[in-house]
Amino acid sequence: MLDSRHIRTFHEVVSTGSFTAAARSLGYTQPAVTQQIRALERETGVPLFTRDGRRMRLTEAGETLARHAGVILGNLGAAQQQLQALARLRAGRVRVCAFPSANATLIPEAMAALLAEHPGVRVELLEAEPPESVQKLLAGECDIALSFSYPGMRAELPAELVEIRLMEDLLTVLLPVGHPLARRHAVRLAELAQARWIAGCARCRANFLQICAEEGFDPDIVFTTDDNLALQSLVAAGVGIAVAPSLVLSFLNHRKVTGRALEPHVRRQVCAYVLREHLPLPATELVLDGLRSAAADRVGC
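Heads up: these notes are all about the structure in this document.

Rules of the game
- Residues numbered from 1 in each chain as written.
- Predicted model: local features only at pLDDT ≥ 70, side-chain atom pairs only at ≥ 80, totals over all residues.
- Heavy atoms only, no water.
- Salt bridge = Lys/Arg side-chain N within 4 Å of Asp/Glu carboxyl O.
- Helix = DSSP H or I, 4+ residues; strand = E, 2+ residues; numbered from the N terminus.
- Axes fitted to C-alpha atoms, helices over the stretch in contact; angles between N-to-C directions.
- Parallel < 35°, antiparallel > 145°, perpendicular 65-115°, else oblique.
- Left-handed = near helix turned anticlockwise from the far one by under 90°.
- Contact = heavy atoms within 4.5 Å.
- Nonpolar A, V, L, I, M, F, W, Y, C, P; charged D, E, K, R; others polar.
- Phe/Tyr/Trp six-rings, centres within 6.5 Å; stacked < 30°, edge-to-face > 60°.
- Buried < 20%, exposed > 50% of the residue type's maximum accessible area, 1.4 Å probe, protein only.
- Lys NZ or Arg CZ within 6 Å of the ring centre and 35° of its normal.

Applying the stated criterion to the full structure yields eleven salt bridges. Glu132 is paired through a salt bridge with Lys136; the nearest N and O atoms lie 3.8 Å apart. With Glu132 and Lys136 both in helix H7 (residues 132-138) and four residues apart, this pair spans about one turn of that helix. The structure contains a network of salt bridges with shared partners spanning Glu132, Lys136 and Glu141.

Moving on, we come to the packing of helix H1 (residues 4-16) against helix H2 (residues 19-26). Where H1 meets H2, the axes come as close as 8 Å, and the angle between the chain directions of the two elements is 120°. The angle between H1 and H2 falls in the class oblique. The two elements H1 and H2 meet at a crossing, and its hand is right-handed. Touching Thr9, Glu12, Val13 and Thr16 of H1 are Phe19, Ala21, Ala22, Ser25 and Leu26, all from H2.

A few words on the packing of H1 against helix H3 (residues 30-44). The interhelical angle for the contact between H1 and H3, taken along N-to-C directions, is 115°, at an axis separation of 9 Å. Here the hand of the crossing between H1 and H3 comes out left-handed. Only Val33, Gln36, Ile37, Ala39, Leu40 and Glu43 of H3 make contact with H1, whose side of the interface consists of Arg5, His6, Ile7, Thr9, Phe10 and Val13. Tallied by class, residues from the contact of H1 with H3 come to seven nonpolar, three polar and two charged.

This part is about the packing of aromatic side chains. Here the structure, examined in full by the defined rule, presents five aromatic pairs. Between Phe148 and Tyr150, the ring centres sit 5.7 Å apart and the planes meet at 75°, which makes this aromatic pair edge-to-face. For the pair formed by Phe148 and Tyr150, the shared burial category is buried. Looking at Arg268, its charged tip hangs above the ring of Phe148, at a distance of 4.2 Å from the centre.

A word on the environment of Val187. If you trace the backbone, Val187 turns up in strand S7 (residues 186-188). The class for Val187 is buried, based on a relative accessible area of 0%. On a C-alpha basis, the gap between Val187 and Ala22 in space is 60 Å, while along the polypeptide they are 165 residues apart. Other than its neighbours up to four places away in sequence, Val187 contacts Val173, Leu175, Leu181, Leu192, Arg260, Ala261, Leu262 and Glu263.

Read these as spatial facts, not as claims about activity.
Structure representation (structure tokens):
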């Protein structure tokens, strides 16, 4: 068995380039670092370093261990975080990580209903766009992650995660109220081929470029932001127009901006994710039930 403390010290030596620098980084003495590396070599049964003049060089075995050390430490860290998350969930504390438009719509509705019926549950809210939100879940940095995906962009789900489909969110186009097409109930994307555009997060931007390509044009993107309030102000100021999910229309309060249905119709799938072993816990179930109820009230779910 390899001691994780020894692997951590080895990883720091490799990362910093010397025993002295690793000792300084870890707050150890250099002899202590040397002792830990020797202990690790006894555990592995092979030398990990060889001296090349004044420098220490990794042996072939050291190179092999170096390729795995970061992954080992990352997995250990994630396991520790997930165990701590389990303890928090059992105490009724839930950390939810969601993308901005969900934080402004689904989350407030779900949490209001939850806290009215179960005031003992404590919810901490984080914000991240996908795929970062799901990565935070896998790393134990949150307990429930909300994410979205567009057609053709769904990735394979890690075995330790459970996916709960919440709703389909129809894409719309945001226009200044004086725009000639703002009088329409629906607008074809191809009719806006000559417009200046404001793009969103990386995932939304990739989907936007794809649907534009399918309509036969390359959009002129003049600004990029994932701040929905900034997006509205930019559209109102005439900087450009934007494709936005229907969830954004729920808090579209700028009097100079209007939303119209986009043709052809494109929908994104909104899902919640949770670690499989955390799914049966009461606090998790309560939050997921709240999210399902909030999503069920939305058009297109």
